[in-house]
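Results of the structural survey
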Amino acid sequence: MLSKPNNSNNKQESIRLVNEAAVDSSLTSTQSSTKPTDVGCVDEKTLALMIPHDQPVLGISKKNFVDLLEFAEDQLEMDRVLAVFEKSRVKATEGFPRTLRYVGFRPYAIDEHPASLPSEKYFIMSYKV
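Now for a look at the structure at hand. Computed from a prediction, not measured in an experiment: that's the story for all the values here. (Residues numbered from 1 in each chain as written. Predicted model: local features only at pLDDT ≥ 70, side-chain atom pairs only at ≥ 80, totals over all residues. Heavy atoms only, no water.)

With respect to helix α3 (residues 95–103)
Inclusion rule: Residue burial is assigned from relative accessible area. The probe radius is 1.4 Å, only protein chains are included, and a residue is buried under 20% of its type maximum, exposed over 50%, and partly exposed in between. For helices the rule is a DSSP run of H or I covering at least 4 residues; for strands it is a run of E covering at least 2, with both sets numbered from the N terminus onward. What the arc describes is the spread of directions from the helix axis to the C-beta atoms. Contacts: residue pairs with any heavy atoms within 4.5 Å of one another.
The set of residues buried in α3 consists of F96, P97 and L100. For α3, the arc enclosing every buried residue in end-on projection is 100°, short of the 170-degree limit, so these residues lie on one face. Looking at the buried positions of α3, the neighbouring elements they touch are α2 (62–74), β5 (80–86) and β7 (122–128). Note on α3: the residue one or two positions beyond its end, G104, has a positive phi of about 120°.

Considerations on the nonpolar core
Within soluble globular proteins, side chains that are nonpolar generally end up buried alongside one another. Convention followed: The term nonpolar core refers to a set of buried residues drawn from Ala, Val, Leu, Ile, Met, Phe, Trp, Tyr and Cys, joined through side-chain atoms within 4.5 Å.
Core analysis: the biggest nonpolar cluster contains 17 residues, and A83, F85, L100, F105 and M125 have the highest contact counts within it. Where this core is concerned, the elements lending two or more residues are β4 (46–50), α2, β5, α3 and β7. Sequence-distant contacts of F105, defined by excluding residues within four places in its chain, comprise F65, L69, V81, A83, L100, M125, S126 and Y127.

A short note on the environment of E120
Rules: For this analysis, a polar contact is any N or O atom pair within 3.5 Å, provided that within protein one partner can donate a hydrogen and the other can accept it, and provided that sequence-adjacent residues contribute only side-chain to side-chain pairs.
When you line up the elements, E120 lands in the loop between β6 (106–107) and β7. When its relative accessible area of 66% is taken as the criterion, E120 is described as exposed. Through-space distance from the C-alpha of E120 to that of E86 is 9.4 Å; in sequence the pair is 34 residues apart. In this structure the side chain of E120 is engaged in a polar contact, spanning 3.5 Å, whose partner is the side chain of S119.

Some details on a negative patch on the surface
Stated precisely, the cut-off is as follows: Like charges within 9 Å and nonpolar side chains (Val, Leu, Ile, Met, Phe, Trp, Tyr) within 5 Å are joined into patches, using only residues over 30% in relative accessible area that form no salt bridge. Residue-level accessible areas treat just the shown protein chains as cover; the underlying method is Shrake-Rupley with a 1.4 Å probe. Whenever a carboxyl oxygen of Asp or Glu lies within 4 Å of a side-chain nitrogen of Lys or Arg, that contact is scored as a salt bridge. His is not counted here, nor are the chain ends, while Lys and Arg score as positive and Asp and Glu score as negative. Just so you know, the charge point we use is NZ for Lys, CZ for Arg, CG for Asp and CD for Glu.
Negative charge collects at one region of the surface, where D43, E44, E70, E73, D74 and D79 lie side by side. If one sorts the elements of the negative patch by residue count, α2 sits on top with 3 residues.

Some points on α2
Along an α-helix, residues three or four positions apart point the same way, because every turn accommodates 3.6 residues. Note the threshold: Here, expected helix span is obtained from the residue count minus one, scaled by 1.5 Å.
Between its first and last C-alpha, α2 extends 18 Å over 13 residues, near the 18 Å set by a 1.5 Å rise per residue. Of the positions making up α2, those classed as buried are F65, L69 and A72. Down the axis, α2 shows its buried residues gathered within 60° of arc, on one side only. Residues of α2 that are exposed and point more than 90 degrees away from the buried face comprise K63, N64 and D74. Buried residues belonging to α2 abut β4, β5, α3 and β7.

In structure tokens, the structure reads:
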């Protein structure tokens, strides 16, 4: 769980970044792997997107993905967007992580991982908007 500051009354609002049960069930499910991506805020200026390990590169519209980045910058006023992958299920040099490099995402430094996304479990790529 991640927390997002709620500016109206300084309460902490919990946001679930990844539904681990859904990720685990996707291994045995017959449903399409293009299910919605989980989203959450790491802090008030960083948006995190949990990318399914089996997300096909061709299953993402380039225009829609760029629109998402623009929305994060213009409407949500984010400074950074993180693409989060389960480390044990993804290769940093292949598939979706490789494609993200062409858009401007860069691997996130291991020592900068948020506590809620430990580097032992997650591979993170960062895009500065």
